[in-house]
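What follows is each chain in one-letter form.
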Amino acid sequence: MESVTCYFCKIVTNNKKKNIGPTRQGGFLALKHLSISETIGPTEEEEVDQFYEDINRALTVPGCSQTFLIGDFNAKVSIQLDEAEKIMRPFGIGARNDRGNTLKNFLSQHRLYLMNSFFQKKEHRRWTWISPNEQTKNEIDFILPQNG
């Protein structure tokens, strides 16, 4: 299966648009002190490191005091497994996979929060992806704000 790749990255500050270079996965927008990044995670394992490097670059735009990452991370994070996982709460679904561990570590490193897990929802409202045969449901799309 081929991964979806978007090639755009723009910064908007004081109503002026400026191209700051392409990213391999997703898009990026900064508005004075607010940065919003939309992303689509890779489906191939060999692309995961580059994916997180691209996100790391988007998080380092000067002058942005609030950042949101939004999108499909192709990672199953599950629920808060212990109190030390401050970046998340107990309202996720499924079992954590390797990519979920990678995402959790990235979130901790960059002071991002897995907001999907902060709100209690009914089981049928938690999943964000369903398999073609409708037998498998996963939560792989996340809203991740950064804590200053």
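From a predicted model like this one, the values you see are computed outputs, not experimental measurements.

(A) Expanded view of the overall build of the protein chain. Across its full length, the protein chain holds two helices and eight strands. Counting across all 148 residues of the protein chain, residues that qualify as buried make up 42%. Only carbon and sulfur atoms are counted for the fraction: they give 52% of the accessible area of the protein chain, which is about 8800 Å².

(B) Helix 1 (residues 48-59), seen in detail. Relative to the 16 Å expected for 12 residues at 1.5 Å per residue, helix 1 spans 17 Å between its end C-alpha atoms, a close match to the ideal helical length. All of the buried residues along helix 1 are Val48, Phe51, Tyr52, Asp54, Ile55, Ala58 and Leu59. Each buried residue of helix 1 lies within a common arc of 155° when the element is viewed along its axis, so the set occupies one face.

(C) Structural detail: helix 2 (residues 98-109). Here helix 2 spans 17 Å end to end across 12 residues, near enough to the 16 Å set by a 1.5 Å rise per residue. Buried residues of helix 2: Arg99, Gly100, Leu103, Lys104, Phe106 and Leu107, and no others. Taken end-on, helix 2 shows its buried residues confined to a sector of 160°, consistent with a single buried face. Opposite the buried face of helix 2, at more than 90 degrees from it, the exposed residues are Asp98 and Gln109. Among the residues trailing helix 2, Arg111 stands out with phi positive, at a value near 55°.

(D) Structural context of the pattern of salt bridges. Inspection of every chain in the model, using the stated rule, returns two salt bridges. Residues Glu45 and Arg99 are paired through a salt bridge, measuring 3.0 Å at the closest nitrogen-oxygen approach. Taken together, the residues span a long stretch of sequence, with Glu45 in the loop between strand 4 (34-40) and helix 1 and Arg99 in helix 2 at a distance of 54 residues. Glu45 sits in the exposed class, given a relative accessible area of 54%. Glu123 is the salt-bridge partner of Arg126, the closest N and O atoms lying 3.9 Å from each other. Classification of Arg126 as buried rests on a relative accessible area of 14%.

(E) Region of interest: the packing of aromatic side chains. For the structure on display, the rule yields five aromatic pairs. Plain terms: the ring middles of Phe51 and Phe73 are 6.0 Å apart, the flat faces sit at 70° to each other, and that makes the pair edge-to-face. Residue Phe51 is located in helix 1, and its partner Phe73 is located in the loop between strand 5 (66-72) and helix 2; the two are separated by 22 residues in the primary sequence. As far as the burial class goes, Phe51 and Phe73 line up, both buried. Arranged with centres 6.1 Å apart and planes meeting at 80°, the rings of Tyr113 and Phe118 form a pair that is edge-to-face.

(F) Highlighting the packing of helix 1 against helix 2. Taken N-terminus to C-terminus, the directions of helix 1 and helix 2 make an angle of 20°; their axes are 12 Å apart at the nearest point. It follows that helix 1 is roughly parallel to helix 2 by the angle criterion. Crossing hand, helix 1 versus helix 2: right-handed. Counted together, Val48, Tyr52, Ile55, Asn56 and Leu59 of helix 1 and Arg99, Thr102, Leu103 and Phe106 of helix 2 form the full contact between these two elements. Taken together, the residues that form the contact of helix 1 with helix 2 break down as six nonpolar, two polar and one charged.

(G) View of unusual backbone geometry. Here the phi dihedral of Asn74 falls at roughly 45°; this positive angle occurs in a residue that is not glycine. Position of Asn74 among the secondary structure elements: in the loop between strand 5 and helix 2. Even without a glycine there, the phi angle at Arg111 is positive, about 55°. Assignment of secondary structure puts Arg111 in the loop between helix 2 and strand 6 (129-130).

Cut-offs applied
Residues numbered from 1 in each chain as written. Predicted model: local features only at pLDDT ≥ 70, side-chain atom pairs only at ≥ 80, totals over all residues. Heavy atoms only, no water. Helix = DSSP H or I, 4+ residues; strand = E, 2+ residues; numbered from the N terminus. Buried < 20%, exposed > 50% of the residue type's maximum accessible area, 1.4 Å probe, protein only. Areas by Shrake-Rupley, 256 points an atom, 1.4 Å probe, with all protein chains shown as cover. Expected span 1.5 Å × (residues − 1). Arc of directions from axis to C-beta. Salt bridge = Lys/Arg side-chain N within 4 Å of Asp/Glu carboxyl O. Phe/Tyr/Trp six-rings, centres within 6.5 Å; stacked < 30°, edge-to-face > 60°. Axes fitted to C-alpha atoms, helices over the stretch in contact; angles between N-to-C directions. Parallel < 35°, antiparallel > 145°, perpendicular 65-115°, else oblique. Left-handed = near helix turned anticlockwise from the far one by under 90°. Contact = heavy atoms within 4.5 Å. Nonpolar A, V, L, I, M, F, W, Y, C, P; charged D, E, K, R; others polar.

In short, geometric facts, not functional conclusions.
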